[in-house]
Amino acid sequence: MITNPNVKINLGLNVLRKRSDGYHDIETLFLPYHEIHDILEVVAGDDYSRTSAGLFARYGKPEAQELQREEPPQIVQAISHDGKVMMTIARKEGVGWNPLEDLCVRAYGVLDADFGLPPVKIFLEKLSPVGAGLGGGSADAAFVVRMLNDMFSLGLDDTRMAGYASMLGSDCAFFIYNRPMIGEGRGEVLTGYQFGDICICNSDSDEIMAGLPSAPEESRYILKVVVPDGISVSTADAYRGIIPTIPERNLREVLSMPVCSWKDWLKNDFEKTVFAGYPQLEAVKTSLYESGAVYASMSGSGSALFAIYRK
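The rules behind the values
- Residues numbered from 1 in each chain as written.
- Predicted model: local features only at pLDDT ≥ 70, side-chain atom pairs only at ≥ 80, totals over all residues.
- Heavy atoms only, no water.
- Helix = DSSP H or I, 4+ residues; strand = E, 2+ residues; numbered from the N terminus.
- Rg over C-alpha atoms; globule rule 2.2 N^0.38 Å.
- Buried < 20%, exposed > 50% of the residue type's maximum accessible area, 1.4 Å probe, protein only.
- Areas by Shrake-Rupley, 256 points an atom, 1.4 Å probe, with all protein chains shown as cover.
- Salt bridge = Lys/Arg side-chain N within 4 Å of Asp/Glu carboxyl O.
- Phe/Tyr/Trp six-rings, centres within 6.5 Å; stacked < 30°, edge-to-face > 60°.
- Lys NZ or Arg CZ within 6 Å of the ring centre and 35° of its normal.
- Pairing = 2+ DSSP bridges.
- Axes fitted to C-alpha atoms, helices over the stretch in contact; angles between N-to-C directions.
- Disulfide = S-S within 2.5 Å.
- Contact = heavy atoms within 4.5 Å.

*Asks:* How would you summarise the overall build of the protein if you had to cite specific residues and measurements?
*Replies:* Within the protein one finds 11 helices and 14 strands. For 311 residues, the compact-globule estimate of 2.2 N^0.38 gives 19 Å, and the C-alpha radius of gyration of the protein, at 20 Å, lies within 12% of that figure. Taking the principal axes of the C-alpha coordinates as reference, the protein spans close to 55 × 45 × 45 Å. In the protein, which comprises 311 residues, the proportion classed as buried is 53%. Accessible surface, the protein: about 14,000 Å² in total, of which carbon and sulfur atoms supply 50%.

Next comes the structure, spelled out in structure tokens:
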């Protein structure tokens, strides 16, 4: 089974309070963004892989990369101690993490613990940026949960799959639903959200991200994502600088306002501390407004930014 896990952007991100468990309560609107995605294949046992030959042709075989001592290698592969999972990851910029610690392997583990799954091989071509606040790793994990559910007929509905996904990361559950949703709690408490009489589309494909296809011309917008080269932001580091606050207007109230007013009211609380450490990101946001955007923001804890333009 082959899928294309897409990323997300955050429309607004309020960090409300520090919790007793060490996490933070937040409120944000998750939007799926399909123009950036990974390529993920899961096959059972010794079944034939349709992507591995292409991966090895483009990146070389994992054994060859290891012998060349490339740092970090562009392709890595490992087999779990119990022999149940073989994980292969390929990434042009290099794979700087242990493949057995990838969220895809953890996703298999949480389901295997309850269902005793057959062995699998997972092949991941990592095309989405790492450390950009777009949730690419969370998407991969959530897609593995859905793929394993389908492959092995586990009978899980979306709610139960989201429960497993939330064990892997705060925004993983969103990717089970993969439609506009308000995220609260750690981000795992999800409520579907429908915009009013507006329509937001991807900039490249005109695929509708949110809103109504019948929205009038003056209420149609396109969204563009910008990923600055060479900047990766640690979510843990971004949280260390946060001072939780309750905003004057809650997220739902702000989202119901005209898009032209979002610039003044729709905030991402991570921008203050992240921009202090990476002033070039603030410069990118300024340039997006100078290019005509009606709204621009950082996604998640950065480093990716996005802009909304009138269509």
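*Asks:* Report on the pattern of salt bridges, specifying residues and quantitative values.
*Replies:* Tallying each qualifying case throughout the model produces 14 salt bridges. For the salt bridge of Glu184 with Arg252, the shortest nitrogen-to-oxygen distance reads 3.4 Å. Here the residue Glu184 occupies a position in strand E8 (residues 181-184), and Arg252 occupies one in helix H8 (residues 251-255), the gap between them amounting to 68 residues. Overall, Glu184 belongs to the partly exposed group, its relative accessible area being 25%. What makes Arg252 partly exposed here is its relative accessible area of 35%. A salt bridge links Arg240 to Asp237, with the nearest nitrogen and oxygen atoms 2.1 Å apart. With a gap of 3 residues between them, Arg240 and Asp237 both fall in helix H7 (residues 235-240), about one helical turn apart. Each member of the salt-bridge network shares a partner with another, and the members are Arg17, Arg19, Asp21 and Asp25.

*Asks:* For the packing of aromatic side chains, give the residues involved together with the corresponding values.
*Replies:* Enumeration according to the criterion identifies 8 aromatic pairs in this entry. Between the aromatic rings of Phe195 and Trp262, the centroid separation amounts to 6.3 Å while the plane-to-plane angle is 40°, which identifies the pairing as tilted. One end of the pair, Phe195, is in the loop between strand E9 (189-192) and strand E10 (199-202); the other, Trp262, is in helix H9 (residues 262-265), and 67 residues separate them in sequence. An aromatic cluster is present here, built from Tyr193, Phe195, Trp262, Tyr295 and Phe306 joined pairwise through their rings. Seen from the ring of Trp265, Arg249 lies directly overhead, with NZ or CZ sitting 4.2 Å from the centre. Its guanidinium or amino end placed over the ring of Tyr289, Lys263 lies 4.4 Å from that ring's centre, counting from NZ or CZ.

*Asks:* Provide a residue-level description of the sheet that holds strand E11 (residues 208-211), including the pertinent values.
*Replies:* Strand order across the open sheet formed by 5 strands is E11-E10-E12-E14-E13, with mixed pairing between neighbours. Only two strands of the sheet have a single partner each, and these edge strands are E11 and strand E13 (295-298). Pairs of neighbouring strands in the sheet enclose a mean axial angle of 20°, with direction left out of account. As defined by bridge partners, strand E12 (residues 220-226) adjoins strand E14 (residues 305-310) across 6 bridges and the pair is classed as antiparallel. Pairing of Val226 across the sheet is with Leu305, part of E14.

*Asks:* I'd like a rundown of the state of the cysteines, residues and numbers included.
*Replies:* Taken as a whole and assessed by the stated rule, the structure comprises 0 disulfides. Counting only cysteine sulfurs, Cys201 is the nearest neighbor of Cys199, a cysteine outside any disulfide, at a range of 3.7 Å. Since its relative accessible area comes to 0%, Cys199 is described here as buried.

*Asks:* I'd like a description of the sheet that holds strand E1 (residues 2-3), backed by residues and values.
*Replies:* Reading across from one edge, E1-E4-E7-E6-E5 is the order of the 5 strands in this open sheet, with mixed pairing throughout. Whereas interior strands pair on both sides, the edge strands pair on one side only; in this sheet they are E1 and strand E5 (75-79). In this sheet, strand E6 (residues 85-90) lies alongside E5 in antiparallel orientation, the contact comprising 5 bridges. In the sheet register, Gln77 faces E6, and the bridge partner there is Thr88. The strands touched by helix H3 (residues 103-115) within the sheet are strand E4 (39-44), E6 and strand E7 (120-125), with E6 carrying the most contacts at an inclination of about 155°.

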